[in-house]
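Chains, contacts and geometry: an overview
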Amino acid sequence: SAKKSGRNRFAWFDRSMERELEARNELENGLRSAIPRQEIVPYFEQQIDLATMRLQGFEVLARWEHPTRGLISPEEFIPVAEETGMIAELSMSIMRQAFASARDWDSSISLAVNISPWQLRDAWLAQKIIKLLTETRFPAERLEVEITESALFDNMALAQSIIGSLKNQGIRLALDDFGTGYSSLAHLRALPFDRIKIDRSFIVSMSENPDSAAIVTAITKLGESLNLPVTAEGIEDEAVAARLLAMGCSKGQGWHFGKPLSMTGARRLLAEKRLLTAAPNPDQPPVR
Ligand code: C2E
Ligand code: MG
Ligand code: MG
Ligand code: MG
């Protein structure tokens, strides 16, 4: 009967919801212990000067080296970290590891870190980042902070003050994933950005989709008019890199230049390019 199948359906939903909830709880509990165990580690994606093909630096991307599941993507655990407030601790751990490892990298190599919207509600965020830089002796001038446009909604006055403190130290600011989600040109004036990053969805589709290509052209022109250099993310082949350079896009990253590297992988690459300085400072134990 209808009543019976209705009840069955209800029960089926119940079980699937329960499984979902269990998985989510498992992820949350796992994450809670993974952070102090430093299972959440920084990976490094090359950022390339498209005109000279020189390595300029790396974007720091979080990865969970799970003991049984292997590498877990940030798309899976960053939202959970945000909802539970663990993002602050996670972010500090990632930055500490990244800054510490980059200490003996060539002074031409910069780092870009991602900051969540949630973190821009912490009035002490700037002080915490500056303290980390001091502790790890990583120069503020070599750090760029990437924020997404959705981050700009909540408490604009607080966000502006945090960003102001960071910029006073010489830290640069990039607008990440431009062209998606909560895009508004007004955001470009709300905060003192130093760079625009075009969202990878436009870059990966620009060869086949003329609309994507037109949007990429428009964003690079916008950057030019506002005097903001533009980075393209998601460059997967040579032809796209060449086309972006011709459009006036100065910097690029993506699988064409290489997948994100582990700390060891990044060091190996830098050694090959002779971009490691003589020796790590012996009076500083490695901060892992
Ligand atoms: P995002 O900052 O826009 O990072 C770029 C993403 O594009 C990375 O995904 C990167 O692996 C991926 N990507 C790079 N090149 C290519 C390419 O050629 N093709 C394709 N298809 N994809 C490419 P990932 O590492 O999975 O990170 C996803 C998002 O997670 C990031 O987007 C960022 O918003 C967030 N995230 C990562 N690490 C952190 C972190 O430490 N803190 C915070 N708050 N967010 C983070
Ligand atoms: Mg980013
Ligand atoms: Mg991005
Ligand atoms: Mg993104």
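Rules behind the numbers
Residues numbered from 1 in each chain as written. Chains lettered and ligands numbered in written order. Predicted model: local features only at pLDDT ≥ 70, side-chain atom pairs only at ≥ 80, totals over all residues. Heavy atoms only, no water. Helix = DSSP H or I, 4+ residues; strand = E, 2+ residues; numbered from the N terminus. Buried < 20%, exposed > 50% of the residue type's maximum accessible area, 1.4 Å probe, protein only. Contact = heavy atoms within 4.5 Å. Areas by Shrake-Rupley, 256 points an atom, 1.4 Å probe, with all protein chains shown as cover. Salt bridge = Lys/Arg side-chain N within 4 Å of Asp/Glu carboxyl O. Core = buried A, V, L, I, M, F, W, Y, C linked by side-chain atoms within 4.5 Å. Axes fitted to C-alpha atoms, helices over the stretch in contact; angles between N-to-C directions. Parallel < 35°, antiparallel > 145°, perpendicular 65-115°, else oblique. Left-handed = near helix turned anticlockwise from the far one by under 90°. Pairing = 2+ DSSP bridges. Right-handed = clockwise from strand over helix to strand, strands pointing away.

Now for the overall build of the protein chain. Along the protein chain, the regular secondary structure elements total 10 helices and nine strands. In the protein chain, which comprises 288 residues, the share counted as buried stands at 47%. Put simply, 70% of the contacts in the protein chain that link residues at least 6 apart link residues at least 24 apart. Here the protein chain has roughly 14,800 Å² of accessible surface; of this, 54% comes from carbon and sulfur atoms.

What follows is about the pattern of salt bridges. Tallying each qualifying case throughout the model produces 16 salt bridges. Measuring nitrogen to oxygen at the nearest pair gives 2.8 Å for the salt bridge that ties Glu135 to Arg96. Separated by 39 residues along the polypeptide, Glu135 in helix H4 (residues 125-136) and Arg96 in helix H3 (residues 87-101) bring together distant segments of the chain. Measuring nitrogen to oxygen at the nearest pair gives 3.0 Å for the salt bridge that ties Asp194 to Lys167. Placement of the pair is Asp194 in the loop between helix H6 (187-190) and strand E7 (195-198) and Lys167 in helix H5 (residues 156-168), with a sequence separation of 27 residues. A residue is classified by how much of its surface remains accessible, and Asp194, at 24% relative accessible area, is partly exposed.

Quick look at the nonpolar core now. Leu111 and Leu244 are the most contacted members of the largest nonpolar core, which totals 78 residues. Ranked by residues supplied to this core, first place goes to H3 with seven residues. What Leu244 contacts, discounting residues up to four positions off in sequence, is Leu50, Ile203, Met206, Val216, Ala232, Ile235 and Cys249.

Look at H3 against H4: their axes get within 9 Å of each other, and the N-to-C directions meet at 30°. Classified by the angle their axes make, H3 and H4 are roughly parallel. Handedness of the H3/H4 crossing: right-handed. Residue-level contacts link Met92, Met95, Arg96, Phe99 and Ala100 of H3 to Leu125, Lys128, Ile129, Leu132, Leu133, Glu135 and Thr136 of H4.

Our focus in this paragraph is the pairing of strand E4 (residues 110-115). With five of its six residues buried, E4 lies for the most part within the structure. In this structure, strand E2 (residues 54-66) lies alongside E4, joined through four bridges in parallel fashion. Residue Gly57 lies in a different strand from E4, and its bridge partner there is Ser110. Both E4 and strand E5 (residues 143-148) contribute to a ladder of five bridges, which runs parallel. The residue bridging Leu111 from the neighbouring strand is Leu143, located in E5. Read from E4 through H4 to E5, the crossover connection turns out right-handed.

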